[in-house]
Amino acid sequence: FGEFCVALERLGFFGEVKSLWLQLVKEKNVSQTLTGSVRTAPHCLLYFEDLDPVTSQVLAVVKQTLTEKHGNLLSAWVKGLDVNGSGLVSPEEWKKGLADAGCTVDAQALFRQLQPEAGRHFMTLRDFDTKAFNATHRG
């Protein structure tokens, strides 16, 4: 819930966060009951795919393609996206990196959808893949 609150704040949403959370969790539980699919995780967890299944699927394809080309997402970031080592990837670098890896998705649209803050003109490793970001901070 805490990450959800931070994300909404970054997006400029200052409404009834708890009510929104409860509505999303309720809708997810109803959907799971109707489809018969039940996760083993507690019902109060929401995943990106619960909020935006289309973008989640596109991102999964991109990550799979980058992993196939570079071996893992951290290598993909270093060798394919942030090739100048600045720690930031511009929309142009993102588009080139995806094209070079053979991704045929709308790179510009995906870049906008992954931006954690409206109006920010770059992406960081943390924005792209939290696990890869955490790997850079392990001893």
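This text goes with the structure placed above it.
Every chain is numbered independently, its residues counted from 1 as its sequence is written. Residue-level local features of this predicted model are given only where pLDDT is at least 70; pairs of side-chain atoms are given and counted only at 80 or more, and the full residue set underlies all totals for whole chains, interfaces and linings. Derived side-chain values reflect all non-hydrogen atoms in the structure, with water molecules and hydrogen atoms excluded from consideration.

A. Seen up close, the nonpolar core. Residue types Ala, Val, Leu, Ile, Met, Phe, Trp, Tyr and Cys, when buried and joined through side-chain atoms within 4.5 Å, form a set referred to as a nonpolar core. Remark: exposure states derive from per-residue accessible area (1.4 Å probe, protein chains only) relative to the maximum for the residue type, with buried under 20%, exposed over 50%, and partly exposed in between. Within the largest apolar cluster, 20 residues are counted, with the highest numbers of intra-cluster contacts made by Leu66, Leu81, Trp94, Leu98 and Phe128. Secondary structure elements follow DSSP: runs of H or I of four or more residues count as helices, runs of E of two or more count as strands, with numbering from the N terminus. Put simply, the parts of the chain that give this core at least two residues each are α4 (53-70), α5 (73-81), α6 (91-101), α7 (107-114) and α8 (125-128). Residues count as neighbours in contact if any of their non-hydrogen atoms are within 4.5 Å of one another. Those residues within four positions of leucine 98 in sequence are excluded, and the remaining contacts are Val62, Leu66, Leu81, Cys103, Val105 and Ala107. Listed in part, the six residues of the second largest apolar core include Phe4, Val17, Val25 and Leu46.

B. Molecular detail of the layout of surface pockets. Here the largest pocket defines a volume of roughly 1700 Å³. A cavity, in this analysis, means grid points on a 1 Å lattice covering only the protein atoms where a 1.4 Å probe fits yet has no way out; a pocket is instead an open set bounded by protein on both sides within 12 Å along at least five of seven lines, and a residue lines either one if it has an atom within 4 Å of a point. Lining the largest pocket are 36 residues; nearest its centre among them are Glu3, Ala7, Phe48, Leu51 and Thr130. Of all the secondary-structure elements, those providing two or more residues to the lining of the largest pocket are α1 (2-10), α3 (48-51), α4, α7, α8 and α9 (130-135). Broken down by element, the residue count for the lining of the largest pocket peaks at six residues, all from α1. Grid points are joined across faces, edges and corners, and a volume is the space filled by probe spheres set on the points.

C. How the structure looks around the side chain of aspartate 127. Here aspartate 127 lies in helix α8. Here a polar contact is recorded for every N or O atom pair within 3.5 Å, except that within protein the pair must consist of a potential hydrogen donor and a potential acceptor, and residues adjacent in sequence are included only if both atoms are side-chain atoms. Separated by 2.9 Å, the side chain of aspartate 127 and the backbone nitrogen of threonine 124 make a polar contact. In this structure aspartate 127 touches Leu114, Pro116, Arg120 and Phe122, once residues within four positions along its chain are discounted.

D. Quick peek at the pattern of salt bridges. One side-chain nitrogen of Lys or Arg within 4 Å of one carboxyl oxygen of Asp or Glu is enough to make a salt bridge. Counted according to the given criterion, the structure contains three salt bridges. Between aspartate 100 and lysine 96 there is a salt bridge, and its shortest N-O distance comes to 2.7 Å. Taken as a pair, aspartate 100 and lysine 96 lie in helix α6 at a separation of four residues, close to a single helical turn. Ionic pairing is found between aspartate 127 and arginine 120, a salt bridge with its closest N-O pair at 2.0 Å. Residue classification places arginine 120 among the buried residues on the basis of a relative accessible area of 14%.

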